[in-house]
Amino acid sequence: MTDSTRETIVRCQQGDLTAFDELVRSHQAYAFGLALRLLHNEIEAEDVTQEAFVKAWRHIDRFDPNRKFTTWLYKIVVNLCLDMIRARKNARRLFSPIETIPTNLEPTDRNDPMESQSNWELCQLIRDITADLAVTQRLVFTLRDLENLSIQEVCEITGLSVASVKTNLHYARKNIRAVLATRYDVRERLP
Amino acid sequence: MKCHRYKQLIHLNREGERSIAEAEDLRQHLETCASCREELQRMEKVESSYQTFRQLAPELSNPNRIARNIRDRIAGEGRSRDQERIAKAFELLARVSLAPSFRYVTALFLCVALGFFLVESASFVIDVQRLEERMGHFGAARVAIDARYSLALDQASRYADENQLSILRSQFGVRIENGRLAMGKLGFTALSQSLERSIPRAFIMAGPNRADLERLYSAATLIKPHAVVSITPRPER
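Reading the values: rules and limits
Residues numbered from 1 in each chain as written. Chains lettered and ligands numbered in written order. Predicted model: local features only at pLDDT ≥ 70, side-chain atom pairs only at ≥ 80, totals over all residues. Helix = DSSP H or I, 4+ residues; strand = E, 2+ residues; numbered from the N terminus. Buried ≥ 20, exposed ≤ 12 C-beta atoms within 10 Å, placed from the backbone. Contact = placed C-beta atoms within 7 Å. Axes fitted to C-alpha atoms, helices over the stretch in contact; angles between N-to-C directions. Parallel < 35°, antiparallel > 145°, perpendicular 65-115°, else oblique. Nonpolar A, V, L, I, M, F, W, Y, C, P; charged D, E, K, R; others polar. Arc of directions from axis to C-beta. Core = buried A, V, L, I, M, F, W, Y, C linked by C-beta atoms within 7 Å. Expected span 1.5 Å × (residues − 1). pLDDT = per-residue confidence, 0-100.

J.: What is the right way to look at the overall build of chain B in this model?
T.: For chain B, the count of helices and strands is eleven helices and five strands. In chain B, buried positions account for 21% of the 237 residues. Within chain B, counting contacts between residues at least 6 apart in sequence, those at least 24 apart form 65% of the total.

What follows is the structure, given as structure tokens:
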């Protein structure tokens, strides 16, 4: 963590709302990206992002400024996303927010992320590719491969052991690569 | 090591995911295992696509709106750190209060308290009835309870009459000095003891004016009466 981020966090801990606003602006895209990749629903991802920062503000005095802020923030985001996924399951509508997405998985132009770069279509693509993953696999894959966090950070955020993270990561990559091999050629569709 | 473990290592191909020993072990295994070599080829075939897929990043459509909403929510809460802690303490208290065991204990306590209050009230009413009978023997006045458990000073001073004063004078040495009631220590002790013997938790207040009643009341506080009773004139026959 940079000195300026540490300084901003210390100011937040002293109750400085302006400092927290800076923290929000510099980290909200990461938090939103993670939530969207886990939830595949833009509205829910925005809600989770807001809730995560409100929680962070409430508990900022417990945070050690010498630790990495993003790890702490991601942990809050992940827990909120898991709560949301559990709530969906409880409501028997696990996939309802994205049920209306066409299930055409052929690599047509409509599935080309470059043709239309909206989050909705990006969600569709990611969802299509990661649809068969269990929640833990999707979580580990998202944190490690999409958010580019280290194995240790993934362990810290998820509470899983290194062995468990590696096992889930292996299954996630294997499944995703299998889908990519049969359905998409993402490389050719992106610059 | 079985093939399953090597196939796992094939997919754990990013930096820091394999130890040096694991990487060397995998390399040697691939030289002899066709199945794992096929797995590696399948993996490598889509590796570019996979790396591209990793870079797909959703974008925040309106960062200003999100930041504004967060700021509004935090400001709307309007709580300082200390207020937050107090609120949490109250929330904890509320949670404890709503716990079934706490509710049962509270209900039991209220029942016991109500029972105790009813018994005490009945006992007090009986005490007052006995006081009225006793005062009836004095032939002076009947006794009215100040049901509010407080001094009805004005009311009592209006009702005090010569008959009451004469009893106080003869029985307890109450006298009038400069137009005010006065009472010696012995007389007061006699009065309080007399009353205490029969009515342990009651006390009589009487007097023509507020100052006298206040004087008697302050004396009465020494024996800590349970309630204050004022004397009213005997009804006309």
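J.: Whenever I open this one, the overall build of chain A confuses me. Can you help?
T.: Across its full length, chain A carries nine helices and zero strands. Listing every helix and strand of chain A by position from the N terminus yields α-α-α-α-α-α-α-α-α. Here chain A, with 191 residues, has 39% of them falling under the buried criterion. The contacts in chain A between residues at least 6 apart in sequence include a share of 66% that link residues at least 24 apart.

J.: When you look at the packing of helix H6 (residues 135-146) of chain A against helix H8 (residues 162-183) of chain A in this model, what are you seeing that I'm missing?
T.: All names here are of chain A. Between H6 and H8, the shortest axis-to-axis distance is 8 Å and the interhelical angle comes to 90 degrees. Comparing their axes, H8 and H6 come out roughly perpendicular. Facing Thr136, Gln137, Arg138, Val140, Phe141 and Arg144 of H6, the residues of H8 in contact are Val165, Asn168, Leu169, Tyr171, Ala172, Arg173 and Ile176. In terms of residue class, the contact of H6 with H8 is made up of seven nonpolar, three polar and three charged.

J.: Just checking my understanding: could you explain helix H7 (residues 151-158) of chain A for this structure?
T.: An α-helix turns once every 3.6 residues. As a result, residues three or four positions apart point the same way. Of all the positions in H7(A), only A:Val154, A:Ile157 and A:Thr158 are classed as buried. Each buried residue of H7(A) lies within a common arc of 85 degrees when the element is viewed along its axis, so the set occupies one face.

J.: Help me understand the nonpolar core in this model?
T.: Across soluble globular proteins, nonpolar side chains show a tendency to be buried alongside one another. All names here are of chain A. Judged by nonpolar contacts, the single largest core of 48 residues is most densely connected at Ala35, Val48, Ala52, Val77, Cys81 and Val140. In terms of residue count, helix H2 (residues 17-39) provides more of this core than any other element does, ten residues in total. Not counting residues up to four positions away in its chain, the partners in contact with Ala35 are Ala45, Val48, Thr49, Val77 and Cys81.

J.: Help me understand the interface of chain A and chain B in this model?
T.: Note: interface size is frequently given as the accessible area lost on complex formation between the parts. Taken together, the contact between chain A and chain B spans 43 residues of the former and 33 residues of the latter. Sorting the residues of the side of chain A that touches chain B by element identifies H2, helix H3 (42-58), helix H5 (119-130), H6, H8 and helix H9 (186-189) of chain A as the ones contributing at least two each. Considering every element that reaches the side of chain A that touches chain B, the biggest residue donor is H2(A), with ten residues. Looking at the side of chain A that touches chain B residue by residue, the class counts come to 22 nonpolar, eight polar and 13 charged.

J.: Is there a simple way to think about H3(A) in this case?
T.: Here H3(A) is 17 residues long and its end C-alpha atoms lie 24 Å apart, about the 24 Å a rise of 1.5 Å per residue gives. Buried within H3(A) are the following residues: A:Glu42, A:Glu44, A:Ala45, A:Glu46, A:Val48, A:Thr49, A:Gln50, A:Ala52, A:Phe53, A:Ala56 and A:Trp57.

J.: Where do I start with the confidence of the model for chain A in this structure?
T.: Here chain A averages 79 in pLDDT, while 78% of its residues score no lower than 70. Contacts of residues 93-116 of chain A to residues separated by more than four positions or lying in other chains number 28 contacts, the stretch itself having pLDDT below 50.

J.: For this particular structure, what's the right way to read the environment of A:Ala131?
T.: Tracing the backbone shows A:Ala131 in the loop between H5 and H6. Placed 45 residues apart in sequence, A:Ala131 and A:Ile176 show a C-alpha to C-alpha distance of 9.1 Å.

J.: Honestly, unusual backbone geometry in this entry has me stumped. Any pointers?
T.: Most peptide bonds are trans, and most residues other than glycine sit at a negative phi. Residues and elements named next belong to chain A. With a phi angle near 60 degrees, His40 is a residue other than glycine that sits in the positive phi range. In this structure, His40 sits in the loop between H2 and H3. According to the C-beta neighbour criterion, His40 is buried, with 25 such atoms within 10 Å. One non-glycine residue with positive phi stands out, namely Asn148, at about 65 degrees. Within the secondary structure layout, Asn148 lies in the loop between H6 and H7. Its 11 C-beta neighbours within 10 Å are what place Asn148 among the exposed residues.

J.: Is there a simple way to explain the environment of B:Ser35 in this structure?
T.: Residue and element names in this part refer to chain B. Within the element layout of this structure, Ser35 appears in helix H3 (residues 34-45). Judged by C-beta crowding, with 10 C-beta atoms within 10 Å, Ser35 ranks as exposed. It is 9.1 Å that separates the C-alpha atoms of Ser35 and Lys7, two residues lying 28 residues apart in sequence.

J.: Before we go on, may I ask you to explain the confidence of the model for chain B in this structure?
T.: Atom-level detail of predicted coordinates should not be read off regions where pLDDT is low. Residue and element names in this part refer to chain B. Overall, the predicted model of chain B reaches an average pLDDT of 67, with 49% of residues at or above 70. Per-residue pLDDT, averaged within each element of chain B, yields its smallest value for helix H8 (residues 153-159) (37) and its largest for helix H2 (residues 20-32) (90). Note that pLDDT drops below 50 for residues 220-237; the model gives that stretch 53 contacts with residues more than four away or on any other chain. The ipTM for the predicted assembly is 0.73, set against a pTM of 0.55.

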